[in-house]
Amino acid sequence: MYRAPISEIAFMMKHVAGLPELLQSNRFSDLSEDLVDAILTEAARFSEEEIAPLNRVGDQQGSTLADGVVTVPDGWTECYRNWSEAGWNALTGDPDYGGQGLPVSLFMATMEIWNAGSVAFGLCPTLTVGAIEALEEHATPALKDVYLAKMITGEWTGTMNLTEPQAGSDLNALRSRAEPQADGSYRLFGQKIFITYGEHGMTENIIHLVLARLPDAPAGTRGISLFLVPKYLVDEEGNPGQRNDLKCSGIEHKLGIHASPTCMMSFGDNEGAVGYLVGEENKGLACMFTMMNNARLAVGVQGLGVAERATQQAMAYAKERKQGRAVGAEGPGMSPIAAHPDIKRSLLSMMALTSVARVLCFVCAHAIDMSRTGEDDAFWSDRAAFLTPFAKALSTDIAVEVASTGVQIHGGMGFVEETGAAQHFRDARILPIYEGTNGIQAIDLVMRKIPLAGGEHVAGFIKELRDIVSDVGAANNPELGTMAGCLDEALNDVEEATAFINDAHGEGRTNDILAGATPYLRLFGLATGGCLLAKGAMATLRQAATSNDDNNRLLVARYFSENLLAETKGLCRTVTRGAESTLAFDSFSVAS
């Protein structure tokens, strides 16, 4: 039974991520905290009553393909239509095209709730909203007039078509081609794989955004263009008409997210699929990155949703399952396993890591919003770019870790499908892979984000974290335990590892940087998460904590600092001393 943690979501938005600052900007001055609370409450009701009950059904039935038609699980279409008719897809859309123009941070808060209900369900709007953002930013007014309104309402869904059988993360190998036509349109030919919701019957049209090459395009990624390719061509009245020359040629049989159809798409088996250029010729990758960057945050929020659902289920099971007798237990019989210290440790770890995922995603969403207010846009754009690898990579790693711990708490019953704990683990495992693997996120961090503004942005961010730690130390509150000292040591590790990265950049030791990229991201992300949880703890103390939620928030922040942050010391050692042995390895010398 899933219950959306709306009080914790609202608290993190208001007291950690910076919602009041956002509401003071001209762009969002009409939005109030009370309205935010009301939206979260209604989102919680919808997910709890309509989405979450379908999670198991979707996993068991999955989506199927027969004669070119994809059938989604029972209840899926009705749920999606109820969801879109309620206006949820339109939260952040352009008001000129029927959107509500609300903050990304509010949409991401609702996305946590949808994905906790069912990550397979949440995938569809994730891709649609990403496509909307790309069109809002790069499409011509004529394309916007035809397609945006119905995509914003959710009447039509959107997809992202990058990957090909021979071209995964490296788009230099992309082969799909587009041929210009006399009427200004293009004809597309090629195959794409791993296309989420590439075919389904939940809506009357599907709008594909497809990367392809023009005949005279430069080699490599400099020669990629972006095209809008609808499933059905749109007539003069704006309604779907003739079927375009594209089809779903297969769907993947996956470890998890069974209800989400992951399609192999074939474009142009006959005369060519009609498409329309988005942005400039040979500049398609920049257009697609508008979609991908926010999609990376959305995937981080998917991880957060799965972690929250797995934590709630493990907590409920641990309170009910009785095994052995806890030390000091009163009365006869066995104790609930939640009373045993090792299970307490496991549950607290799940809660703490989930909270870290939440604060990382929310502060990243806040930075995106602030970058659009017209107030210090450059700073906030850099902040959003810097935080995105943490939000995507660490949050999705956390989803896998937390779901795995949930299986462990269920014991043998976690390994069988009956309890549903295994589904969370299976669903979570894709999240560190798609939208740019977490290894790619780490490379992006060390190669592009650490050098932002000559390294000054990162230095300023660390200073902000130091200020939080100073506040914790000055409070001298026994409820905070040794939090200040633990956070201070973690930030020392961050600064030592960052200095190593900067020195290696200056000396051209790129392989040394890349060898430690993934542990560096985790090191910096854990330290950041610990400081942000401490910020929430301080806000809780200032409000004179009285509720169980408040008390748990204080304990979780303290537990994370005193128990989980010790990992940063080992991670720092790996970053600064581990490159030589890593680079010495030659996999080709090992027999297959």
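The sections below set out a description of the structure shown in this document. Here the residue numbers are simple positions, counted from 1 along each chain's written sequence. A pLDDT threshold of at least 70 governs which residues receive local features in this predicted model, and a stricter bar of 80 or more applies before side-chain atom pairs are shown or counted, although totals over entire chains, interfaces and linings include all residues. Heavy atoms throughout the structure, all of them, feed into the side-chain values; hydrogens and water do not.

1. Observations concerning the overall build of the protein chain
Comment: elements are numbered from the N terminus, with helices defined as DSSP H or I runs of at least four residues and strands as E runs of at least two. Scanning the protein chain for helices and strands turns up 21 helices and 12 strands. Each radius of gyration is computed over the set of C-alpha atoms, and the globule rule expresses the reference value as 2.2 Å times the number of residues to the power 0.38. Rg of the C-alpha trace for the protein chain: 24 Å, near the compact-globule value of 25 Å for 592 residues, within the 12% margin. Dimensions along the principal axes, computed over C-alpha positions, put the protein chain at roughly 80 × 65 × 60 Å. Classification of residues uses two cut-offs on accessible area relative to the type maximum, computed with a 1.4 Å probe and protein chains only: under 20% is buried, over 50% is exposed, and between them is partly exposed. Scored against the burial criterion, the 592 residues of the protein chain give a buried share of 57%. Taking contacts inside the protein chain between residues at least 6 apart in sequence as the whole, the part at least 24 apart equals 74%. When the accessible surface of the protein chain is split by element, carbon and sulfur atoms take 51% of a total near 23800 Å². Positive charges come from Lys and Arg, negative ones from Asp and Glu, while His and the chain ends are left out of the count. For this purpose, a charge sits on NZ of Lys, CZ of Arg, CG of Asp or CD of Glu. Charge separation in the protein chain, taken as the distance between the mean sites of 46 positive and 74 negative side-chain charges, equals 6 Å. Contact definition: two residues touch when any of their heavy atoms are within 4.5 Å. Under the convention used here, a 1.4 Å probe and the Shrake-Rupley method define accessible areas, while residue burial counts only the protein chains that appear.

2. Side note on the pattern of salt bridges
Any Lys or Arg side-chain nitrogen located within 4 Å of an Asp or Glu carboxyl oxygen qualifies as a salt bridge. Evaluation of the coordinates by the stated rule reveals 31 salt bridges. Each of Glu8, Asp550 and Arg553 takes part in salt bridges that share partners, so that together they form one network.

3. Quick look at the packing of helix H15 (residues 456–475) against helix H16 (residues 483–507)
Each pair of packed helices gets described by two things: the angle between the helix axes and the distance between those axes. Each axis is a line fitted through C-alpha atoms, and for a helix only the stretch in contact is used; angles between axes span 0 to 180 degrees, taken between their N-to-C directions. For the pair H15 and H16, interaxial distance at closest approach is 9 Å and the crossing angle is 165°. Taken together, H15 and H16 sit at an angle that is classed as roughly antiparallel. For the crossing formed where H15 meets H16, the hand is left-handed. Residues Val458, Ile462, Leu465, Arg466, Val469, Val472 and Gly473 of H15 lie in contact with H16, whose contacting residues are Met483, Ala484, Leu487, Asp488, Leu491, Asn492, Val494, Glu495 and Thr498. Considering only residue class, the contact of H15 with H16 consists of 10 nonpolar, three polar and three charged. Angle categories are assigned with fixed cut-offs, so that under 35 degrees is roughly parallel, over 145 is roughly antiparallel, 65 to 115 is roughly perpendicular, and the rest are oblique. We call a crossing left-handed when the near helix sits turned anticlockwise from the far one by less than a right angle, and right-handed when that turn is clockwise. The residue classification treats Ala, Val, Leu, Ile, Met, Phe, Trp, Tyr, Cys and Pro as nonpolar and Asp, Glu, Lys and Arg as charged. All others, Gly included, are polar.

4. Concerning the nonpolar core
The nonpolar core is taken to be a set of buried Ala, Val, Leu, Ile, Met, Phe, Trp, Tyr and Cys residues, with the residues joined through side-chain atoms within 4.5 Å. The biggest cluster of nonpolar side chains holds 175 residues, and the ones touching the most others in it are Phe386 and Phe524. The next biggest cluster of nonpolar side chains, apart from the first, holds 18 residues, and it includes Leu188, Ala212, Ile251 and Met265.

5. Focus on the packing of H16 against helix H20 (residues 567–577)
Running from amino to carboxyl end, H16 crosses H20 at an angle of 10°, the nearest separation of the two axes being 9 Å. One way to sum up the angle between H16 and H20 is to call them roughly parallel. Across the interface between the two elements, Ala490, Asp493, Glu496, Ala497, Phe500 and Ile501 of H16 pack against Thr568, Lys569, Cys572, Val575 and Thr576 of H20.

6. Description of the packing of aromatic side chains
Only the six-membered ring of Trp is used, alongside the rings of Phe and Tyr, when aromatic pairs are assigned; centres must lie within 6.5 Å, and planes under 30 degrees apart are stacked while those over 60 apart are edge-to-face, with the rest tilted. Scanning all chains against the criterion turns up 15 aromatic pairs. With a centroid separation of 5.3 Å and an interplanar angle of 65°, the aromatic rings of phenylalanine 386 and phenylalanine 461 are classed as edge-to-face. In this pair, phenylalanine 386 is assigned in helix H11 (residues 377–410) and phenylalanine 461 in helix H15, connecting sequence segments 75 residues apart. Pairwise contacts between aromatic rings join Phe46, Trp76, Tyr80, Trp83, Trp88, Trp114 and Phe121 into one cluster. It is arginine 509 that lies over the ring of phenylalanine 500; its NZ or CZ is 5.4 Å from the centre. Placement of a charge over a ring requires the Lys NZ or Arg CZ to be within 6 Å of the ring centre, with the centre-to-atom vector within 35 degrees of the ring normal. Above the ring of phenylalanine 11, the side-chain terminus of arginine 553 is found at 3.5 Å from the ring centroid.

7. Notes on the side chain of aspartate 245
Take aspartate 245: it is sitting in the loop between strand S9 (240–243) and strand S10 (246–251). For the purposes of these results, a polar contact is taken to be a pair of N or O atoms within 3.5 Å, where, inside protein, one atom must be able to donate a hydrogen and its partner to accept one; residues adjacent in sequence count only when each atom of the pair is a side-chain atom. For aspartate 245, the side chain forms a polar contact with the main-chain nitrogen of aspartate 269, separated by 3.4 Å. Engagement of the side chain of aspartate 245 in a polar contact is seen with the backbone nitrogen of glycine 272, the distance being 2.8 Å. Beyond its immediate sequence surroundings of up to four residues, aspartate 245 is in contact with Ser266, Phe267, Gly268, Asp269, Asn270, Glu271, Gly272 and Ala273.

8. Observations regarding the side chain of glutamate 8
Structurally, glutamate 8 is set in helix H1 (residues 6–17). In terms of polar contacts, glutamate 8 uses its side chain to reach the side chain of arginine 553, at 3.0 Å. Beyond its immediate sequence surroundings of up to four residues, glutamate 8 is in contact with Arg358 and Arg553.

9. Things to note about the environment of alanine 109
Of note, alanine 109 is situated in helix H6 (residues 104–117). Taking the C-alpha atoms as reference points, alanine 109 and valine 359, separated by 250 residues in sequence, lie 11 Å from one another. What alanine 109 contacts, discounting residues up to four positions off in sequence, is Ile9, Met13, Leu40 and Phe362.

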